Amino acid sequence: MNILQAKNNGAYIFIETDSRKNFKRYSIVRDISDTEKEVYCELNRSAYLTAKNKMGFTVKERETCFLNSIPFAHTNKDKVPMMEYYNK
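Residues numbered from 1 in each chain as written. Predicted model: local features only at pLDDT ≥ 70, side-chain atom pairs only at ≥ 80, totals over all residues. Heavy atoms only, no water.

**Q** Can you lay out the pattern of salt bridges for me, pointing to particular residues and giving the numbers?
**A** Per the stated rule, a full pass over the model turns up 6 salt bridges. Between Asp-18 and Arg-20 there is a salt bridge whose closest N-O contact spans 3.9 Å. Asp-18 sits in the buried class, given a relative accessible area of 2%. Among the ionic pairs, Lys-37 bridges to Asp-31, the shortest N-O distance being 3.1 Å. Using a relative accessible area of 33% as the deciding quantity, one classes Asp-31 as partly exposed. One salt-bridge network, in which partners are shared between bridges, spans Glu-16, Arg-25 and Arg-62. (Salt bridge = Lys/Arg side-chain N within 4 Å of Asp/Glu carboxyl O. Buried < 20%, exposed > 50% of the residue type's maximum accessible area, 1.4 Å probe, protein only.)

**Q** With reference to specific residues and values, describe the environment of Gln-5.
**A** With respect to the helices and strands, Gln-5 occurs in helix H1 (residues 3-8). C-alpha of Gln-5 to C-alpha of Arg-20: the two residues are 15 residues apart in sequence and 35 Å apart in space. (Helix = DSSP H or I, 4+ residues; strand = E, 2+ residues; numbered from the N terminus.)

**Q** Summarise the nonpolar core; cite the residues concerned and give the values.
**A** By size, the foremost hydrophobic cluster in this structure holds 15 residues, and its most contacted members are Ala-11, Ile-13, Tyr-26, Ile-28, Leu-43, Tyr-48 and Phe-57. For this core, the secondary structure elements donating two or more residues are H1, strand S1 (12-18), strand S2 (24-31), strand S3 (37-43) and helix H2 (45-53). The residues touching Phe-57, leaving out its near neighbours within four places in the chain, are Ile-3, Lys-7, Ala-11, Tyr-12, Ile-13, Ile-28, Ala-51 and Lys-52. (Core = buried A, V, L, I, M, F, W, Y, C linked by side-chain atoms within 4.5 Å. Contact = heavy atoms within 4.5 Å.)

**Q** Mind laying out unusual backbone geometry, listing which residues take part and the relevant values?
**A** In this model, Asn-22 sits at a positive phi of 65°, which is unusual for a non-glycine residue. Within the element layout of this structure, Asn-22 appears in the loop between S1 and S2. Taking relative accessible area as the criterion, Asn-22 reaches 55% and is therefore assigned exposed.

Set out below in structure tokens:
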């Protein structure tokens, strides 16, 4: 499934902001139920802007706290859009 098919399947951009360090994690997800989400991929900032502005994804935000990880978006701040795909 590609990203545009995911969008047509109800996926959206989910932004999680770390309340302690102000890191952001951008990912494309789809709600399975009220408490479960299916994660399609994680994005860096450039890929987030491309998906939001050019592809027209909707955006939802939530404050959280990352315990022992640094988000992909923070470690890959290149101007080249990058997506990290998850295999099940």
